[in-house]
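What follows is each chain in one-letter form.
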Amino acid sequence: MRTKILLLFLLGCVGMAYGQANNPYFKIITGVKISNDTITVKGFRENGDFDKFIKKMTLGYVYSNKTVVYYPKFSLLTLPFKIRPKTNDYSSSAYSGLDNIGLNIDFSSLQWDKYFSTGRSSSSRVSAGILLAPAVEELTIENTKNNSANKKQLFISTGITLNYSYNKLTFTIVPVGFDFATNTAGKEWVYNKRYWWGFGIGLDLKILENLIDK
């Protein structure tokens, strides 16, 4: 009886070790190497243990790892389209251009990393975050409360962002955004603190780090 229990225990240990060694999923990947048709992935498992996954790659094989990221990720974002809906007092307004750059901060995201037998890799991510950006608006007689032109004024734009990233390029929808005046003249703007929505395009800050390193 004791021998049977020992054998079952040993078989269980072997099964657990085999399952861990062949588990392809990591919470954090620290390195991937493809050599001689073999992929080696190193990283941290869900329980915090450091481990590696090794597999012989056949033609067309794709290694995929999905992770949920809770730490902040940063990207530079520009808003080429910003739409201000019509209200009872003010007409609708639309803006287009690439002269505004702000910071997008993702607080949670779902990420897919793929590595192909050809040596190519790709990364996709969906996330939600917030936008913080300076904005310059031209105040005219038509868009100020006291009908006086104050030329261009600085505002702070903020909003909720919904993002899709592919290989560090980010496409963003801002479903809810607001502009806040930074001075008294800006507070006369009819769209100060008024709701707007828009679309954005961004770059992961790691791209800039890589360009600087080169």
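Quick caveat: nothing in here was measured; it's all calculated off a predicted structure.

### A few points about the overall build of the protein chain
Item 1. Scanning the protein chain from N- to C-terminus turns up two helices and eleven strands.
Item 2. Starting at the N terminus and ending at the C terminus, the protein chain contains elements arranged as α-β-β-β-β-β-β-β-β-β-β-β-α.
Item 3. Relative to its 214 residues, the protein chain shows a buried fraction of 32%.
Item 4. Residue pairs at least 24 apart in sequence account for 56% of intrachain contacts in the protein chain once pairs closer than 6 positions are excluded.
Item 5. For the protein chain, the computed accessible surface area is about 13600 Å², with 62% contributed by carbon and sulfur atoms.

### Considerations on the nonpolar core
Item 1. In this structure, Phe26, Ile39, Val41, Phe53, Met57, Tyr61, Tyr63 and Tyr115 together form the largest nonpolar core, which totals eight residues.
Item 2. Once residues within four sequence positions are removed from consideration, Tyr61 is found in contact with Ile39, Phe53, Lys55, Tyr115, Phe116 and Ser117.

### Here's the deal with unusual backbone geometry
Item 1. A positive phi is found at Asn36, a non-glycine position, where the angle reads about 55°.
Item 2. Inspection of the secondary structure assignment puts Asn36 in the loop between strand 1 (28–35) and strand 2 (38–44).
Item 3. Since its relative accessible area comes to 65%, Asn36 is described here as exposed.

Rules used in this analysis
Residues numbered from 1 in each chain as written. Predicted model: local features only at pLDDT ≥ 70, side-chain atom pairs only at ≥ 80, totals over all residues. Heavy atoms only, no water. Helix = DSSP H or I, 4+ residues; strand = E, 2+ residues; numbered from the N terminus. Buried < 20%, exposed > 50% of the residue type's maximum accessible area, 1.4 Å probe, protein only. Contact = heavy atoms within 4.5 Å. Areas by Shrake-Rupley, 256 points an atom, 1.4 Å probe, with all protein chains shown as cover. Core = buried A, V, L, I, M, F, W, Y, C linked by side-chain atoms within 4.5 Å.

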